[in-house]
Amino acid sequence: GHLYPGRGIEIILQVAERVPAAWFVIIGGREEDITACTRQARARGLQNVDFLGFLPNAELPRYLVAADALLMPYQHRVTSPSMPDTSSWMSPMKMFEYMAFRKPIVSTDIPAARQFSEIISIAYSRGEFADSISQILRNDNRQRIQRGFEIARQNSWDIKVEEISQVIHAYLYSKVK
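Keep in mind the model is a prediction, meaning the values are calculated, not measured. (Residues numbered from 1 in each chain as written. Predicted model: local features only at pLDDT ≥ 70, side-chain atom pairs only at ≥ 80, totals over all residues. Heavy atoms only, no water.)

## Digging into the sheet that holds strand E4 (residues 105-108)
Filter applied, for reference: When DSSP finds at least two bridges between two strands, those strands are taken to pair. Each helix corresponds to a stretch of at least 4 residues labelled H or I by DSSP, and each strand to a stretch of at least 2 residues labelled E; elements are numbered beginning at the N terminus. Fitted lines through C-alpha atoms give the axes, limited to the stretch in contact for helices. The angle between two N-to-C directions lies from 0 to 180 degrees. Any two residues whose heavy atoms approach within 4.5 Å are treated as being in contact.
Taken together, the three strands give an open sheet; going across it, the order is E3-E4-E5, and neighbouring strands pair in parallel fashion. Looking at strand neighbours, the two that pair on one side only are strand E3 (70-72) and strand E5 (121-123), the edges of this open sheet. Averaged over neighbouring strand pairs, the angle between their axes works out to 20° when direction is ignored. Judged from the three bridges that link them, E4 and E5 form a sheet pairing that is parallel. Bridge assignment links Val 106 to a residue of E5, and that residue is Ser 121. The strands touched by helix H6 (residues 126-138) within the sheet are E3, E4 and E5, with E4 carrying the most contacts at an inclination of about 175°.

Listed below in structure tokens is the structure:
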């Protein structure tokens with residue numbers, strides 16, 4: 001992903017200060033953003049945050065498998081170069097990918113995560129985000145993880161393509177009548 005404003009790097013840096021026993025690995029971001037974020041982390045004295053930059057998709061699974069928890073630290077306003085704010089309507093496929101890897105997930109309170117609050121730990125503050133990570137590192141999360149995996153299977157790319165195809169087919173069929 002990118003390190004656009006609102007994507008949560010600020011949250012991760014604050015949480016990394018509160019949970020020094022955890023190692024935070026951030027994948028993605030343009031070189032200039034990585035340099036700026038690394039500078040911020042070092043200025044705070046953080047040794048538990050690494051910025052790896054963009055990696056080929058084929059390499060991502062090994063990082064996801066190695067993780068103890070996966071994070072979605074989106075803020076209430078998420079921007080990108082082409083969109084002023086995507087937070088109210090986005091449905092990050094990353095969330096389903098995380099569920100498919102059978103890992104505990106911690107997210108800020110965004111609408112897409114809210115509908116899966118029985119699976120995803122929703123944090124309403126940076127303190128709760130840090131506490132959720134600490135709890136995940138201490139607790140058994142198997143039931144929550146298994147339920148997330150089942151939901152991920154129901155929201156795979158193949159299923160989404162099929163759903164979209166059905167909508168397009170129904171629309172085109174209605175125009176023929």
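Moving on from the model shown.
## Describing the side chain of Thr 108
For clarity, the threshold we go by: Here a polar contact means two N or O atoms within 3.5 Å. Within protein one must be a hydrogen donor candidate and the other an acceptor candidate, and residues neighboring in sequence count only if both atoms are side-chain atoms.
Within the secondary structure, Thr 108 sits in strand E4. At 2.2 Å, the side chain of Thr 108 forms a polar contact with the backbone oxygen of Tyr 74. Residues in contact with Thr 108, not counting those within four places in the same chain, are Ile 11, Met 72, Pro 73, Tyr 74, Gln 75, Ala 113, Ile 122, Ala 123 and Phe 129.

## Notes on unusual backbone geometry
Positive phi, close to 55°, is recorded for Arg 102, a residue that is not glycine. Residue position: Arg 102 is located in the loop between helix H4 (93-100) and E4.

## A short note on H6
Put simply, the test is: Here the expected span of a helix is defined as 1.5 Å times the quantity of residues minus one. Accessibility here uses a 1.4 Å probe with only protein chains present; expressed as a share of the type maximum, an area under 20% marks a residue as buried, one over 50% as exposed, and anything in between as partly exposed.
With 13 residues, H6 extends 19 Å between its outermost C-alpha atoms, agreeing within 8% with the 18 Å of an ideal straight helix rising 1.5 Å per residue. When we look at burial in H6, the residues that qualify are Gly 127, Phe 129, Ala 130, Ser 132, Ile 133 and Ile 136. Where the residues of H6 are buried, they touch helix H1 (9-18), strand E1 (24-27), E3, E4 and E5.

## Focus: the packing of aromatic side chains
The test is simple: Think of it this way: a Phe, Tyr or Trp ring, Trp meaning its six-membered ring, pairs with another when their centres are within 6.5 Å, and the plane angle makes it stacked under 30 degrees, edge-to-face over 60, tilted otherwise. We count a charge as sitting over a ring when the NZ of a lysine or the CZ of an arginine lies within 6 Å of the ring centre and within 35 degrees of the ring normal.
Inspection of the entire model under this criterion finds one aromatic pair. Look at Phe 96 and Phe 116: their rings are 5.7 Å apart centre to centre, the planes differ by 85°, and that puts the pair in the edge-to-face class. Of the two residues, Phe 96 sits in helix H4 while Phe 116 sits in the loop between helix H5 (111-114) and E5, which places them 20 residues apart along the sequence. Here Phe 96 falls in the buried class, since its relative accessible area comes to 6%. Directly above the ring of Phe 149 sits Arg 102, whose terminal nitrogen or CZ lies 3.6 Å from the centroid.

## Here's the deal with the pairing of E1
Burial along E1 is one-sided: Phe 24 and Ile 26 are buried, while Val 25 and Ile 27, pointing the other way, are not. Across four bridges, the pairing between E1 and strand E2 (residues 49-53) is parallel. Bridge assignment links Ile 26 to a residue of E2, and that residue is Phe 51.

## Re the nonpolar core
One broad rule of soluble globular proteins: the nonpolar side chains tend to lie buried together. We count it as follows: Among the buried residues, those of types Ala, Val, Leu, Ile, Met, Phe, Trp, Tyr and Cys that are joined through side-chain atoms within 4.5 Å form a nonpolar core.
Judged by nonpolar contacts, the single largest core of 25 residues is most densely connected at Phe 24, Val 49 and Phe 51. For this core, the secondary-structure elements that each account for two or more residues are H1, E1, helix H2 (31-43), E2 and H6. In terms of residue count, the dominant contributor to this core is H1 (six residues). In contact with Phe 24, not counting residues within four places along its chain, are Ile 12, Val 15, Ala 16, Val 19, Asn 48, Val 49, Asp 50, Leu 71 and Ile 133. Grouped together as the second largest cluster of nonpolar side chains are 20 residues, Leu 64, Met 72, Tyr 74 and Met 95 included.

What is shown is where atoms sit, not what they do.
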